[in-house]
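Structure at a glance
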Amino acid sequence: MFNIILFGPPGSGKGTQSERLIAKYGFKHIATGDLLRSEIAGKTELGLQAKSYMDQGQLVPDAVVIGMVDNVITDNPDAYGFLFDGFPRTKAQAEALDQLLLKHEEKINLMIALDVPEEELIIRMMNRAKTSGRTDDADPEVQKKRISVYKNETLAVASYYHQFGKVITINGQGSIDEIFAALSEEIDDHSA
Ligand code: ADP
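These notes cover the structure that comes with them. Just so you know, these numbers come straight off a predicted model, no measurement behind them.

Rules used in this analysis
Residues numbered from 1 in each chain as written. Predicted model: local features only at pLDDT ≥ 70, side-chain atom pairs only at ≥ 80, totals over all residues. Heavy atoms only, no water. Helix = DSSP H or I, 4+ residues; strand = E, 2+ residues; numbered from the N terminus. Expected span 1.5 Å × (residues − 1). Buried < 20%, exposed > 50% of the residue type's maximum accessible area, 1.4 Å probe, protein only. Contact = heavy atoms within 4.5 Å. Pairing = 2+ DSSP bridges. Axes fitted to C-alpha atoms, helices over the stretch in contact; angles between N-to-C directions. Salt bridge = Lys/Arg side-chain N within 4 Å of Asp/Glu carboxyl O. Core = buried A, V, L, I, M, F, W, Y, C linked by side-chain atoms within 4.5 Å.

What follows concerns helix α5 (residues 91–103). Between its first and last C-alpha, α5 extends 19 Å over 13 residues, near the 18 Å set by a 1.5 Å rise per residue. Residues of α5 that are buried include every one of Gln93, Ala94, Ala96, Leu97, Asp98, Leu100 and Leu101, and no others. Structurally, α5 contributes buried residues whose contacts are with β1 (4–7), α4 (62–75), β3 (82–85) and α8 (140–162). A positive phi of about 55° marks Glu105, the residue just after α5.

The structure is reproduced here in C-alpha coordinates:
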(Lines give C-alpha, C1' and ligand atoms only; values in the text may rest on other atoms or scores of the structure.)
Protein backbone atom coordinates (compact mmCIF):
# COMPACT_ATOMS: atom_id res chain seq x y z
CA MET A 1 0.00 0.00 0.00
CA PHE A 2 0.96 3.62 -0.43
CA ASN A 3 -0.54 5.70 2.38
CA ILE A 4 -0.62 9.47 2.45
CA ILE A 5 -1.83 12.25 4.69
CA LEU A 6 -3.09 15.36 2.97
CA PHE A 7 -2.43 18.05 5.55
CA GLY A 8 -3.42 21.69 5.82
CA PRO A 9 -5.54 24.22 7.69
CA PRO A 10 -9.35 24.36 7.38
CA GLY A 11 -10.21 25.66 3.93
CA SER A 12 -6.86 24.72 2.37
CA GLY A 13 -8.44 22.56 -0.33
CA LYS A 14 -7.89 19.09 1.07
CA GLY A 15 -11.38 17.88 0.16
CA THR A 16 -11.24 19.19 -3.41
CA GLN A 17 -7.84 17.70 -4.10
CA SER A 18 -8.66 14.43 -2.33
CA GLU A 19 -11.55 13.78 -4.71
CA ARG A 20 -9.23 14.10 -7.68
CA LEU A 21 -6.44 12.04 -6.16
CA ILE A 22 -8.89 9.25 -5.40
CA ALA A 23 -10.15 9.26 -8.98
CA LYS A 24 -6.60 9.16 -10.34
CA TYR A 25 -4.91 6.69 -7.99
CA GLY A 26 -7.68 4.67 -6.35
CA PHE A 27 -6.91 5.61 -2.76
CA LYS A 28 -9.45 4.79 -0.07
CA HIS A 29 -10.46 8.20 1.30
CA ILE A 30 -10.55 8.57 5.08
CA ALA A 31 -11.92 12.05 5.79
CA THR A 32 -12.87 12.26 9.43
CA GLY A 33 -14.92 15.46 8.92
CA ASP A 34 -17.06 13.69 6.29
CA LEU A 35 -17.39 10.57 8.44
CA LEU A 36 -18.55 12.70 11.37
CA ARG A 37 -21.02 14.64 9.22
CA SER A 38 -22.56 11.39 8.00
CA GLU A 39 -22.90 10.21 11.61
CA ILE A 40 -24.71 13.48 12.35
CA ALA A 41 -26.97 13.06 9.31
CA GLY A 42 -27.77 9.50 10.44
CA LYS A 43 -28.59 10.81 13.94
CA THR A 44 -26.37 8.17 15.54
CA GLU A 45 -25.19 8.30 19.14
CA LEU A 46 -21.68 9.16 17.90
CA GLY A 47 -23.08 11.91 15.66
CA LEU A 48 -25.00 13.45 18.53
CA GLN A 49 -21.85 13.51 20.65
CA ALA A 50 -19.73 15.02 17.87
CA LYS A 51 -22.09 17.76 16.73
CA SER A 52 -21.67 20.17 19.62
CA TYR A 53 -17.88 20.08 19.31
CA MET A 54 -18.00 20.63 15.56
CA ASP A 55 -20.48 23.50 15.73
CA GLN A 56 -18.13 25.31 18.09
CA GLY A 57 -15.05 24.73 15.97
CA GLN A 58 -13.55 22.41 18.57
CA LEU A 59 -12.01 19.01 18.04
CA VAL A 60 -14.08 15.92 18.63
CA PRO A 61 -12.38 13.74 21.32
CA ASP A 62 -9.45 11.67 20.00
CA ALA A 63 -10.93 8.32 21.05
CA VAL A 64 -14.04 8.91 18.92
CA VAL A 65 -12.18 9.71 15.69
CA ILE A 66 -9.50 7.07 16.22
CA GLY A 67 -12.21 4.40 16.61
CA MET A 68 -13.88 5.51 13.36
CA VAL A 69 -10.57 5.40 11.47
CA ASP A 70 -9.73 1.96 12.88
CA ASN A 71 -13.01 0.62 11.45
CA VAL A 72 -12.33 1.94 7.95
CA ILE A 73 -8.74 0.62 7.88
CA THR A 74 -9.87 -2.80 9.07
CA ASP A 75 -12.69 -2.95 6.50
CA ASN A 76 -10.43 -2.11 3.51
CA PRO A 77 -7.46 -4.48 3.48
CA ASP A 78 -7.30 -4.48 -0.34
CA ALA A 79 -7.16 -0.74 -0.98
CA TYR A 80 -4.37 0.71 -3.16
CA GLY A 81 -3.63 2.85 -0.13
CA PHE A 82 -5.32 5.22 2.27
CA LEU A 83 -5.60 8.96 1.82
CA PHE A 84 -6.08 10.58 5.21
CA ASP A 85 -7.83 13.96 5.05
CA GLY A 86 -8.44 15.98 8.22
CA PHE A 87 -6.80 13.24 10.29
CA PRO A 88 -4.58 13.08 12.29
CA ARG A 89 -5.35 16.43 13.86
CA THR A 90 -3.47 16.04 17.16
CA LYS A 91 -0.15 14.45 18.06
CA ALA A 92 -2.05 11.76 20.00
CA GLN A 93 -4.03 10.93 16.84
CA ALA A 94 -0.78 10.70 14.84
CA GLU A 95 0.72 8.27 17.34
CA ALA A 96 -2.49 6.24 17.38
CA LEU A 97 -2.55 6.15 13.57
CA ASP A 98 1.00 4.84 13.43
CA GLN A 99 0.00 2.08 15.86
CA LEU A 100 -3.13 1.19 13.88
CA LEU A 101 -1.16 0.97 10.65
CA LEU A 102 1.56 -1.07 12.32
CA LYS A 103 -1.07 -3.59 13.39
CA HIS A 104 -1.77 -4.10 9.66
CA GLU A 105 1.94 -4.05 8.78
CA GLU A 106 1.47 -0.69 7.10
CA LYS A 107 2.85 2.82 7.58
CA ILE A 108 2.45 6.42 6.43
CA ASN A 109 4.59 6.88 3.34
CA LEU A 110 4.15 10.60 2.84
CA MET A 111 2.52 13.70 4.27
CA ILE A 112 1.81 16.48 1.81
CA ALA A 113 1.08 19.83 3.46
CA LEU A 114 -0.88 22.50 1.57
CA ASP A 115 0.38 25.96 2.39
CA VAL A 116 -2.31 28.69 2.24
CA PRO A 117 -2.23 32.10 4.00
CA GLU A 118 -4.81 32.81 6.68
CA GLU A 119 -6.63 35.62 4.82
CA GLU A 120 -7.27 33.27 1.93
CA LEU A 121 -8.61 30.56 4.26
CA ILE A 122 -11.27 32.89 5.63
CA ILE A 123 -12.37 33.91 2.12
CA ARG A 124 -12.65 30.26 1.06
CA MET A 125 -14.65 29.23 4.13
CA MET A 126 -17.08 32.12 3.59
CA ASN A 127 -17.56 31.07 -0.02
CA ARG A 128 -17.97 27.41 0.86
CA ALA A 129 -20.63 28.29 3.47
CA LYS A 130 -22.90 29.60 0.68
CA THR A 131 -23.31 26.14 -0.83
CA SER A 132 -22.16 23.57 1.74
CA GLY A 133 -24.76 24.21 4.40
CA ARG A 134 -21.91 23.80 6.91
CA THR A 135 -22.74 25.82 9.99
CA ASP A 136 -19.07 25.81 11.02
CA ASP A 137 -18.09 27.67 7.83
CA ALA A 138 -20.53 30.57 8.11
CA ASP A 139 -19.71 32.02 11.52
CA PRO A 140 -16.57 34.21 11.77
CA GLU A 141 -16.05 33.28 15.43
CA VAL A 142 -16.13 29.56 14.61
CA GLN A 143 -13.74 30.09 11.68
CA LYS A 144 -11.30 31.84 13.99
CA LYS A 145 -11.63 29.08 16.54
CA ARG A 146 -10.90 26.41 13.91
CA ILE A 147 -7.81 28.26 12.73
CA SER A 148 -6.57 28.66 16.30
CA VAL A 149 -7.16 24.95 17.03
CA TYR A 150 -5.17 24.21 13.88
CA LYS A 151 -2.26 26.35 15.09
CA ASN A 152 -2.33 25.15 18.69
CA GLU A 153 -3.00 21.43 18.22
CA THR A 154 -2.80 20.32 14.61
CA LEU A 155 0.47 21.91 13.49
CA ALA A 156 2.22 19.55 15.92
CA VAL A 157 1.23 16.70 13.60
CA ALA A 158 3.47 18.15 10.88
CA SER A 159 6.38 18.34 13.35
CA TYR A 160 5.70 14.76 14.34
CA TYR A 161 6.05 13.43 10.77
CA HIS A 162 8.82 15.89 9.98
CA GLN A 163 11.10 14.06 12.44
CA PHE A 164 10.77 10.98 10.19
CA GLY A 165 11.51 13.02 7.04
CA LYS A 166 8.04 12.34 5.65
CA VAL A 167 6.73 15.89 5.06
CA ILE A 168 6.59 17.74 1.73
CA THR A 169 5.02 21.21 1.56
CA ILE A 170 3.42 22.55 -1.59
CA ASN A 171 1.87 25.90 -2.43
CA GLY A 172 -1.89 25.64 -1.92
CA GLN A 173 -2.62 28.82 -3.86
CA GLY A 174 -3.13 28.76 -7.62
CA SER A 175 -5.63 26.95 -9.80
CA ILE A 176 -7.10 23.62 -8.73
CA ASP A 177 -5.37 22.04 -11.75
CA GLU A 178 -1.98 23.49 -10.85
CA ILE A 179 -2.18 22.27 -7.29
CA PHE A 180 -3.38 18.85 -8.44
CA ALA A 181 -0.42 18.62 -10.83
CA ALA A 182 2.02 19.46 -8.03
CA LEU A 183 0.42 16.86 -5.73
CA SER A 184 0.48 14.17 -8.43
CA GLU A 185 4.14 14.85 -9.12
CA GLU A 186 5.05 14.32 -5.47
CA ILE A 187 3.02 11.13 -5.24
CA ASP A 188 4.54 9.76 -8.44
CA ASP A 189 8.05 10.59 -7.24
CA HIS A 190 7.56 8.97 -3.86
CA SER A 191 5.64 5.89 -4.94
CA ALA A 192 7.93 4.96 -7.83
P1 ADP B 1 -12.00 21.48 7.75
O2 ADP B 1 -10.78 20.71 7.38
O3 ADP B 1 -12.48 22.34 6.65
O4 ADP B 1 -11.86 22.18 9.06
P5 ADP B 1 -13.39 18.99 8.39
O6 ADP B 1 -14.58 18.60 7.61
O7 ADP B 1 -12.15 18.20 8.23
O8 ADP B 1 -13.19 20.50 8.00
O9 ADP B 1 -13.73 19.01 9.96
C10 ADP B 1 -14.85 19.68 10.48
C11 ADP B 1 -14.92 19.50 12.01
O12 ADP B 1 -15.01 18.09 12.33
C13 ADP B 1 -13.68 19.96 12.79
O14 ADP B 1 -13.71 21.35 13.08
C15 ADP B 1 -13.77 19.08 14.05
O16 ADP B 1 -14.74 19.55 14.94
C17 ADP B 1 -14.27 17.76 13.52
N18 ADP B 1 -13.15 16.85 13.16
C19 ADP B 1 -12.83 16.42 11.90
N20 ADP B 1 -11.75 15.62 11.92
C21 ADP B 1 -11.36 15.54 13.23
C22 ADP B 1 -10.30 14.88 13.92
N23 ADP B 1 -9.40 14.14 13.25
N24 ADP B 1 -10.22 15.03 15.26
C25 ADP B 1 -11.11 15.75 15.93
N26 ADP B 1 -12.11 16.42 15.36
C27 ADP B 1 -12.26 16.32 14.02
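Continuing now.
This next bit is on the sheet that holds β1. Ordered in space as β2-β3-β1-β4-β5, the five strands form an open sheet in which the pairing is parallel. A strand with exactly one partner marks an edge of an open sheet, and here the two such strands are β2 (28–31) and β5 (167–171). Each strand axis lies, on average, 20° off the axis of its neighbour in the sheet, ignoring direction. Where strand β4 (residues 110–115) lies against β5, five bridges are found, and the strand directions are parallel. Following the sheet pairing, Leu114 is matched in β5 by Ile170.

Time to look at the pairing of β1. Of the two faces of β1, the one carrying Ile4 and Leu6 and the one carrying Ile5 and Phe7 are both buried. The sheet contact formed by β1 and β4 spans four bridges and is parallel. In the sheet register, Phe7 faces β4, and the bridge partner there is Ala113.

Two side chains carrying opposite charge are able to pair once their charged atoms lie near each other. In total, this model carries 13 salt bridges according to the counting rule given. Linked through salt bridges whose partners overlap, the residues forming this network are Arg128, Arg134, Asp136, Asp137 and Arg146.

Let us now look at the nonpolar core. Ile5, Phe7, Val69, Ile73, Phe84, Leu97 and Tyr161 are the most contacted members of the largest nonpolar core, which totals 31 residues. Elements with a minimum of two residues in this core: β1, α3 (45–55), α4, β3, α5, β4 and α8. With seven residues, α4 is the single largest residue contributor to this core. Once you skip the residues sitting within four places of it in the chain, Ile73 turns out to touch Ile30, Phe82, Phe84, Leu97, Leu100, Leu101 and His104. Within the second largest apolar cluster, 16 residues are counted, among which are Leu110, Ile168, Phe180 and Ile187.

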